[in-house]
Amino acid sequence: MATLLIVHHTPSPNCQALFEAVVSGATAPEIEDVRVVRRAALSATVSDVLGADGYLLGTPANLGYMSGALKHFFDQVYYPCLDETRGRPFGYYVHGGSDVTGAVRGIESVTTGLGWRRAAETVTVTGTPDKADIDACWELGATLAAGLMS
């Protein structure tokens, strides 16, 4: 059975809504033989990353960058996972009050360094998520999970 690891920092109701939509998509009844593991960014470990076949990341944009929690996650797993996870699929969503550009740039930089392969369109949301944003996050979760089905 394949494993999708969802690593998220969810400090607000807006981030929570996006996270719940991602989980709902990843665990849709049509998705078979994929285990979905959810970890808060400050709790995710090297073992979690090495044990997963794909990754879904979620973060708010804080002060023009990804959250400190997601940055901490990357700091902890980068070198121990560098060679072992190259080529694995990933996707991500970012929520910001007004601008997510720096957070997107930071995540793209780190995942490029890791050699991860983006397997779904990035979802970026500013302000209060609307139905289209929630649907896009559901699709993000479903796409990543379906891509891991054997």
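Structure first, text after, so check above.
If you're wondering where the values come from, they're calculated on a predicted model, not measured in any experiment.

**A look at the nonpolar core**
Logical step 1: Ranked by size, the top nonpolar core spans 27 residues in total, and within it Val7, Val49, Leu57, Leu70, Phe73, Phe74 and Trp116 carry the most contacts.
Logical step 2: Among the secondary structure elements, those contributing two or more residues to this core are strand 1 (2-8), strand 3 (54-62), helix 3 (68-81), strand 5 (89-96) and helix 4 (101-114).
Logical step 3: Apart from residues lying up to four places away in sequence, Val49 is in contact with Leu5, Tyr55, Phe73, Val77, Cys81, Thr85, Arg88 and Trp116.
Logical step 4: Counting 23 residues, the second-largest nonpolar core is a separate cluster that includes Leu4, Leu56, Val125 and Leu148.

**Re the pattern of salt bridges**
Logical step 1: A full pass over the atoms with the stated rule returns four salt bridges.
Logical step 2: With a shortest N-O distance of 2.7 Å, Lys71 and Asp75 are connected by a salt bridge. Within this pair, Lys71 and its partner Asp75 are both found in helix 3, separated by four residues, close to a single helical turn.
Logical step 3: On the accessibility criterion, Asp75 (46% relative accessible area) is partly exposed.
Logical step 4: Here Arg118 and Glu108 are joined by a salt bridge, their closest N and O atoms 3.3 Å apart. On the criterion of sequence distance, the pair formed by Arg118 in strand 6 (residues 117-118) and Glu108 in helix 4 is long-range, its members being ten residues apart.
Logical step 5: Among the residues examined, Glu108 registers a relative accessible area of 23% and is labelled partly exposed.

**Some thoughts on the packing of helix 3 against helix 4**
Logical step 1: The geometry of helix 3 relative to helix 4 is characterised by a closest axis approach of 12 Å and an angle of 15° between their N-to-C directions. Relative to helix 4, the element helix 3 is oriented roughly parallel. Every pair of crossing elements has a handedness; the one defined by helix 3 and helix 4 is left-handed. Where helix 3 approaches helix 4, its residues Leu70, Phe74 and Tyr78 are matched on the opposing element by Ile107, Val110, Thr111, Gly113 and Leu114.
Logical step 2: In terms of residue class, the contact of helix 3 with helix 4 is built from six nonpolar, two polar and no charged.

**Thoughts on the packing of aromatic side chains**
Logical step 1: The full count for this structure, using the stated rule, is six aromatic pairs.
Logical step 2: Plain terms: the ring middles of Phe90 and Tyr92 are 6.1 Å apart, the flat faces sit at 5° to each other, and that makes the pair stacked. Tyr92 matches Phe90 in its accessibility class, with the two residues each being buried.
Logical step 3: Between the aromatic rings of Phe90 and Trp116, the centroid separation amounts to 6.0 Å while the plane-to-plane angle is 50°, which identifies the pairing as tilted. Placement of the pair is Phe90 in strand 5 and Trp116 in the loop between helix 4 and strand 6, with a sequence separation of 26 residues. Trp116 carries the same exposure label as Phe90, and that label is buried.
Logical step 4: Counting every residue linked through ring pairs, the aromatic cluster contains Tyr55, Phe73, Phe74, Phe90, Tyr92 and Trp116.

Each value, and the rule that gives it
- Numbering of residues begins from 1 in every chain and follows the order in which that chain's sequence is written.
- In view of the model being predicted, local features appear only for residues whose pLDDT reaches at least 70, and side-chain atom pairs are presented and counted only at 80 or more, with totals across whole chains, interfaces and linings using the full set of residues.
- The side-chain figures draw on all heavy atoms in the structure; neither hydrogens nor water molecules are used.
- Buried Ala, Val, Leu, Ile, Met, Phe, Trp, Tyr and Cys residues form a nonpolar core when they are joined through side-chain atoms within 4.5 Å.
- Per-residue accessibility, obtained with a 1.4 Å probe over protein chains only, is compared with the maximum for each type, and a residue is labelled buried under 20%, exposed over 50%, and partly exposed between these values.
- In this description a helix means any DSSP run of H or I spanning at least four residues, a strand means any run of E spanning at least two, and both kinds are numbered starting from the N terminus.
- The contact criterion used throughout is that any non-hydrogen atoms of two residues lie within 4.5 Å.
- Salt bridge, as applied in this entry: a Lys or Arg side-chain nitrogen positioned within 4 Å of an Asp or Glu carboxyl oxygen.
- Every axis in this analysis is a line fitted to C-alpha atoms, fitted for helices over the stretch in contact. Angles between the N-to-C directions lie between 0 and 180 degrees.
- Every angle not falling under 35 degrees, over 145, or within 65 to 115 is termed oblique; those three ranges are roughly parallel, roughly antiparallel and roughly perpendicular.
- In a left-handed crossing the near helix is turned counterclockwise from the far helix by less than a right angle, and in a right-handed crossing that turn is clockwise.
- When residues are grouped by polarity, Ala, Val, Leu, Ile, Met, Phe, Trp, Tyr, Cys and Pro land in nonpolar, Asp, Glu, Lys and Arg in charged, and all others, Gly among them, in polar.
- Stacked, edge-to-face and tilted labels apply to pairs of Phe, Tyr and Trp rings (six-membered ring for Trp) whose centres lie within 6.5 Å, assigned for plane angles under 30 degrees, over 60, and everything in between, in that order.

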